[in-house]
Amino acid sequence: AQSVAQPEDQVNVAEGNPLTVKCTYSVSGNPYLFWYVQYPNRGLQFLLKYITGDNLVKGSYGFEAEFNKSQTSFHLKKPSALVSDSALYFCAVRANYGGATNKLIFGTGTLLAVQP
Amino acid sequence: NAGVTQTPKFQVLKTGQSMTLQCAQDMNHNSMYWYRQDPGMGLRLIYYSASEGTTDKGEVPNGYNVSRLNKREFSLRLESAAPSQTSVYFCASSGGAHSTDTQYFGPGTRLTVL
């Protein structure tokens, strides 16, 4: 079955420290992977995506993600966390149902809390 | 350029009542989607429309209907609301149905069914 797992419900990090939000996936064929961020009472905002090419993808607000095919992972990273990064982060993978479809499967989300 | 807009922002219904959630996008996107977000379950696809004139079921379509009114608008209808439909509903759009297209989300509608 195609799925996305975010193993941590919450990640706590001190401001200025590096952060990692984990994501693993299971999908047939080539994975197309996305990260979104959701601030309180807001919709999801696109951060970055991996389609092909360089395994390190750079996105908005200083975030980056590393695609690791052998570990089927797509972890979100930032070298120095800000309090304003505190939000809910979702990993998503494009579901492969054949044909030209753009259905996404979302993880359950990871709440990032950055302490001052 | 407002992106994806949704109305209403909040709604409270009684069991059995009906309502329609509205969604519009001004990005000239071909594909539109409806998701629901529930605690601990992420987002789940209800229905989607790959292009104007087409709609298809997603992961959790039971109890819902959709209408792709035109290229801009995609509505979600609850014919007879149930407490299990209490959720936050998000509309999204993407340039096309291609798998690499990024989906852009609206601000959401928070629905409570009593």
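Scroll up to find the structure.
Treat the numbers as computed from the prediction; the structure is a model and nothing was measured.

A. Representation of the interface of chain A and chain B in the model. Contacts between the two partners involve 22 residues from chain A, matched on the other side by 24 residues from chain B. Both faces considered, chain A and chain B share a buried interface measuring about 1800 Å² in area, 54% of it formed by carbon and sulfur atoms. If you sort the residues of chain A by the area they bury against chain B, Asn102(A), Lys103(A) and Phe106(A) come out on top, with a joint share of 31%. Connecting chain A to chain B are three residue pairs in polar contact (both at pLDDT 80 or more). Those elements that place two or more of their residues in the side of chain A that touches chain B are β5 (33-38), β6 (44-50), β10 (87-94) and β11 (104-106) of chain A. Its residues assigned to classes, the side of chain A that touches chain B comprises 11 nonpolar, seven polar and four charged.

B. Structural view of the state of the cysteines. Applying the stated criterion across every chain, the model contains two disulfides over all chains. The residue that forms a disulfide with Cys23(A) is Cys91(A), at a sulfur-sulfur distance of 2.0 Å. An S-S torsion of about -65° defines the bridge between Cys23(A) and Cys91(A) as left-handed. Placement of Cys23(A) in the loop between β3 (19-21) and β4 (24-26) and of Cys91(A) in strand β10 is noted, with a sequence separation of 68 residues between them. In this model, Cys23(B) is linked to Cys91(B) through a disulfide, with the two sulfur atoms separated by 1.9 Å.

C. Quick look at the nonpolar core. Residues and elements named next belong to chain A. Core analysis: the largest hydrophobic core is formed by 30 residues, its most contacted members being Trp35, Leu47, Leu48, Phe74, Leu76 and Tyr89. Elements with a contribution of two residues or more to this core: β2 (10-14), β3, β5, β6, β8 (64-68), β9 (73-78), β10 and β12 (110-115). Looking at this core element by element, the count peaks at four residues for β10. Residues in contact with Tyr89, not counting those within four places in the same chain, are Gln6, Trp35, Tyr36, Val37, Leu47, Phe63, Leu76, Gly109, Thr110 and Leu112.

About the cut-offs
- Residues numbered from 1 in each chain as written.
- Chains lettered and ligands numbered in written order.
- Predicted model: local features only at pLDDT ≥ 70, side-chain atom pairs only at ≥ 80, totals over all residues.
- Heavy atoms only, no water.
- Contact = heavy atoms within 4.5 Å.
- Buried area = accessible area lost by both parts, 1.4 Å probe.
- Polar contact = N/O pair within 3.5 Å; in protein donor to acceptor, adjacent residues only side chain to side chain.
- Helix = DSSP H or I, 4+ residues; strand = E, 2+ residues; numbered from the N terminus.
- Nonpolar A, V, L, I, M, F, W, Y, C, P; charged D, E, K, R; others polar.
- Disulfide = S-S within 2.5 Å.
- Core = buried A, V, L, I, M, F, W, Y, C linked by side-chain atoms within 4.5 Å.
- Buried < 20%, exposed > 50% of the residue type's maximum accessible area, 1.4 Å probe, protein only.

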